[in-house]
Every structure is written in structure tokens, then in C-alpha cells.
Amino acid sequence: MYFELLQVRFPEGLDLSIDIPESVTHIGWGAFYSTPWLSALKKETGGFVTVNGILISSEINEGDLVIPEGVTCISDGLFQYCKDLTSVTFPDSLTCIGSGAFWRCTGLTAVNFPEHLTDIMDGAFRECTNLTSVIIPDSVTSIRAYAFSGCTGLTTVSLGSGLTNWNSMAFKGCSGIAQYIVSQDNEAYCSVNGVILSKDGTELIAYPQGNTQASYSIPEGVTRIDAYAFDGCTALTSISIPDSATTVPGYSFNQCTSLTTVSIGAGINNIDVQYTFNGCTGIAQFIVSEDNQTYCAVDGMLFTKDATKLVLFPQGKDASNAAYPESMTSIGSYAFYNFAGLTTFAIPDGVTTIDGMAFELSTYLTSITIPNSVTYIGGYNFNKEWWLANPLALEIYYCGTPSQKQDIEIVQDVQEEPAPGSSDSGGNEKLIEGTWHYLYATVDGREVTLDGMILASFYVIVSDDVLADEDSYALVTVNGISTKLPVKDAETSEKGGVTRRVFSQPIVAKDVDKQVTIAIYDGADRQ
């Protein structure tokens, strides 16, 4: 049974004594702050005040701190921000160090834990930046979240035999740790080349952030990579995931900003696309085993096995120059999630479906080209960034007619309670409110008859946006040889109230078939 006393406040002048029952084993930070009861006890004890073995007050906040014998627990936040503390001597009786107890005590360079200590609570030594090494005794069973986070001076961490509860955030931001050392007698964890694994070697727990090697191959036999296992490992440029691994949860490679190549083994069937590679803006290619039955790689992009759905686009790659496969028909949720480098994008022709959140938080996207093959755009793709004072506007270039655009299903109604499992729950304000430009042309006869070696004149009907663009042109291709004909140089004619551009410039073609290709482009080379 766990009881925690959080706070007591008394009216001024009220003289009370307090009887705290023995069942109370934890007292929260500042529970008796400024109370007459605590002030009286300070005078009686000469500085240290304990309740049921819990140290709740100390007049010493600098130099060498010696905590008296009999103290079993240090209360939350008791010494936080005591930057002038240079050393701490713990009593053998101590079993627990409370949350934030020594937070940002930057004067500490080393701590020696007693043999009976069992719990190091959340943020206990957070941002003690001058600590260089930590030895966790065999008695400690639990290290909580952020216990040593931000201790940038740490280079070595030794873990005892009793540790059974490791929190993935315990050493977050400790960029200097080059290796973890785990007692061989520990039955829950082990270390292999400085990396923490589960004792049976099936789970990768933590990779040291200060390891300077550029590439790492996860050992065969690992089936799961923990969340935050490689958090902030900025020296890594390539990672290889073995065939034995099946799951990569969110944030596993969080903020691995130098990572450029990710090799995925045959067994991976579950990747948290939204967060697994969060902040990994340098990834230029994914490499996937040919034996993988869930995913494949096409030109460095991650696709479903049949190459019909784009699963994840590597943010270190130029999206405008990628070789998208002809089989591609959809863009999956989070494929371009939080892609700061994406400013303009042309959805490949043939894509019919854009799943919800595919482009979510790509806030710098100002221009998108949509082919007339698209029939569905899910929710939260092109949202207005309500948290920005001046969100960027979106220009939409649609390769089709206004009537064709009306056939696209665009999810736009925000629902307070989305359907379970559904990501298509609203948004797309930029798409609805943005400026649409219609890029289309109707050519008089797609199969143009050749008159000997001379291409006869032809006409096109073009949209107003193409007419307004002085750099738009017709591209006539004969046997792979192309000729540009500027739209502005063509003659204008009216027929049935429709404006036409007539091209009468002859095109000389040798050894031609009976067909040529004619396409219309605007000044930005959009067809």
C-alpha cells in the first residue's frame, strides 16, 4: 500500500502539532513549506527534518552534504537547483531518492549510492551536467523516467544485478555516454558492445548516445527495438535492422539527425510510420530485403510489398526528382509527415488515393500539383496551421477541368470524435480555401496525320491559366525528338465561343510513324 502526503497549509498564527501515521512512506515536494510546524522542527533539529525516515527539509544547500543515518527517503525536489552542492554522502539506511531531489545540482561531479538503495525516482539527478560516471548498486531495482536525463557529462554508466525496471527516458539527452556496462549477474538485462539488450537478446533496450561509430548493425536475434532505443544518436549515419526483428515502435530512432541509410530486414512487418524516424531529416534511402513480405524499397522510398502505396518518403531525398513507380496508386498516412523541406510537390500521375494525414504538418508546402487520376483526399492533409500568425497559402495546380475536380472526394469536416481507427477526420482548409489553377488542353486529334515529312497545322483549346502564362508551350515529340512551340506565338481563333491557339509552324520529321505526341505545359513545366 502506497500513501503520499502532497501538501499541508495552516492559517497564520495557528499553533498545531501534527501526527503523521507510519503508513505515510512518501511526502511530496513543499508539502509543509512555510508552515509554523516545519519552522519549529527546523529549530529543534538544527537543519535536518525527517518524518517517518523521510528527509523533508535541510538547511544545507552548498558544499559537502552529509545526510544523517536513519534517513530512508529524500523527498521530492528537496535539493533541486542547489548548484553549489559539490558532494553528497548518503547513509546506508537510504532506500529511495525522490523525484527531482537533486535536479540541476550542477556542482556535483560524482555520487556514491548506498547498498540498500532500491528506487531512483523521476528526474532525481536531471541536468546534473558535471556528473561523469554513475554506478548503480545491485540493490536498485528501478530507475524512473528522466532520472539522469540531460547529464551531458556522463560517459559511463554501470548497472547492477538487481535492476529489473528500466525506463527508456532515464538517460535521455546524455549525449556523452559511450557505453553501458551491465552486471553479468543481472537476470533482466545484458550489455553487448556497450549496448543494452534484454537478457535473452531479443529486445534492444538502449544504444549509448555518445558512441561515435557511424554505422551499426543490430544483432541477429533481436525481435523488437524499444521506443527511444536510439534517441539522439547523432553520430549514426547508417543502421541495419536484422531479419529477426519484426517491430519498430515510435521514436525508436528519434532525432538521429545524421542518419542517411536505413536497411530493413526480412521480418519487419510493423513500423510506426508517424514517429519511428521522428526528426531523422537526413535519411536519403531505405533498403529493404527482397524477402520482406510487407515492405519493399523503390528508389530509396518505402513502399508496400506490391509497390502500390507509398509508406514513407525519406526526408533527405528530393521529392521532385524521385522515380515513382508506375504501379503507385496511393500515398499512405504520414508518408510526408512533418516534412519541413517539402515546399512544392507534384503528385505522380496514376495516384488515386491520398490517405488521411499523408502531408500533415508539412507546413512549408506552398504549391501542389494534383493529377486528374486522384479521386480521394483524406483528412488532415493540407490544414491551416492555426498556431501560426501567418500560415503559408497553398497554390493548387490541377491537371484537369473544373468539372473533373468536382468528382474528387475531399474530407473537410472536422469531427470532435473521429471514428475508431480512422485518421480521416477533417481539416484540409488550405485545399478548400486555396487558389486552384486548372491545367488542361484538348488537342484536335490525338493521332495527328502526317503529310509526307511535314507535320500539318493543329490547334489546341487551353485553360485560362495556361493562356495567362506567357511561358506556356506546346511540346511536339516525333520519334523521341521534341520541339517547343510557345503558346504566345500561336495564332488565335474563335469558334463556337471557344478560344483556340493554332500552331501552323511545320515540324520536319524523318522516318516517322503515323503518330506524334503533343502535350501542353505551363511556364513551370507542369503538363
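Residues numbered from 1 in each chain as written. Predicted model: local features only at pLDDT ≥ 70, side-chain atom pairs only at ≥ 80, totals over all residues. Heavy atoms only, no water.

Participant: So what exactly am I meant to see when it comes to the packing of aromatic side chains here?
Facilitator: The geometry of an aromatic ring pair comes down to the distance between the two centres and the angle between the two planes. Enumeration over the complete set of coordinates arrives at 31 aromatic pairs. Residues Phe 125 and Phe 148 carry aromatic rings whose centres are separated by 5.4 Å and whose planes lie at 5° to one another, so their mutual orientation is stacked. Taken as a pair, Phe 125 in the loop between strand 9 (119-120) and strand 10 (133-135) and Phe 148 in the loop between strand 11 (142-143) and strand 12 (156-159) lie far apart in primary sequence, 23 residues in all. Classification of Phe 148 as buried rests on a relative accessible area of 0%. On the basis of an interplanar angle of 25° and a centroid distance of 5.2 Å, the ring pair of Phe 313 and Phe 336 is categorised as stacked. Linking Phe 313 in the loop between strand 27 (309-312) and strand 28 (330-331) with Phe 336 in the loop between strand 28 and strand 29 (344-346), this pair joins segments that are 23 residues apart in sequence. A connected cluster of aromatic rings, assembled from ring pairs, spans Phe 79, Phe 90, Phe 102, Phe 113, Phe 125, Phe 148, Trp 166, Phe 171 and Tyr 180. Of note, Arg 126 hangs over the ring of Tyr 146, and the distance from its end group to the ring centre comes to 4.7 Å. Taking the ring centre of Trp 436 as reference, the NZ or CZ of Lys 405 above it sits at 4.6 Å. (Phe/Tyr/Trp six-rings, centres within 6.5 Å; stacked < 30°, edge-to-face > 60°. Helix = DSSP H or I, 4+ residues; strand = E, 2+ residues; numbered from the N terminus. Buried < 20%, exposed > 50% of the residue type's maximum accessible area, 1.4 Å probe, protein only. Lys NZ or Arg CZ within 6 Å of the ring centre and 35° of its normal.)

Participant: I'm lost on the confidence of the model for the chain in this one. Help?
Facilitator: A low pLDDT means the predicted coordinates there should not be read in detail. Of the residues in the chain, 73% reach a pLDDT of 70 or more, and the chain-wide mean stands at 83. Across residues 441-457, confidence stays below pLDDT 50; counting only partners more than four residues off in sequence or on other chains, it has 38 contacts. (pLDDT = per-residue confidence, 0-100. Contact = heavy atoms within 4.5 Å.)

Participant: What is the right way to read the side chain of Lys 405 from this model?
Facilitator: By the secondary structure assignment, Lys 405 is in helix 2 (residues 402-405). Buried charge without a salt bridge: Lys 405, with Asp 407 as the nearest opposite-charge side chain at an N-O distance of 11 Å. If near-sequence neighbours (up to four positions away) are discounted, Lys 405 is found in contact with Tyr 398, Trp 436 and Tyr 438. (Lys, Arg positive; Asp, Glu negative; His and termini not counted. Salt bridge = Lys/Arg side-chain N within 4 Å of Asp/Glu carboxyl O.)

Participant: So what exactly am I meant to see when it comes to empty space enclosed by the protein here?
Facilitator: One way to see where empty space is left: roll a probe the size of a water molecule over the atoms. Per the counting criterion, the structure on display carries one cavity of 30 Å³ or more. Of the voids in this model, the largest cavity is the one considered here, and its volume is about 100 Å³. For the largest cavity, the full set of lining residues is Trp 166, Ser 168, Phe 171, Lys 172, Tyr 180, Ile 205, Ala 206, Tyr 207, Gln 209, Tyr 228, Ala 229 and Asp 231. Across the lining of the largest cavity, the residue classes break down as eight nonpolar, two polar and two charged. (1 Å grid on protein atoms, 1.4 Å probe; cavity = no way out; pocket = protein on both sides within 12 Å on 5 of 7 lines; lining within 4 Å. Points joined across faces, edges and corners; volume = space filled by probe spheres on them. Nonpolar A, V, L, I, M, F, W, Y, C, P; charged D, E, K, R; others polar.)

Participant: Is there a simple way to explain the sheet that holds strand 10 in this structure?
Facilitator: Read across the open sheet, the three strands follow the order 10-12-14; overall the sheet is parallel. Across the chains shown, the open sheet's two edge strands, defined by having one partner strand only, are strand 10 and strand 14 (179-182). Geometrically, the sheet is characterised by an average inter-axis angle of 10° between neighbouring strands, direction not taken into account. For strand 12 and strand 14, the ladder comprises four bridges, and the chain directions are parallel. Residue Thr 156 lies in a different strand from strand 14, and its bridge partner there is Gln 179. (Pairing = 2+ DSSP bridges. Axes fitted to C-alpha atoms, helices over the stretch in contact; angles between N-to-C directions.)

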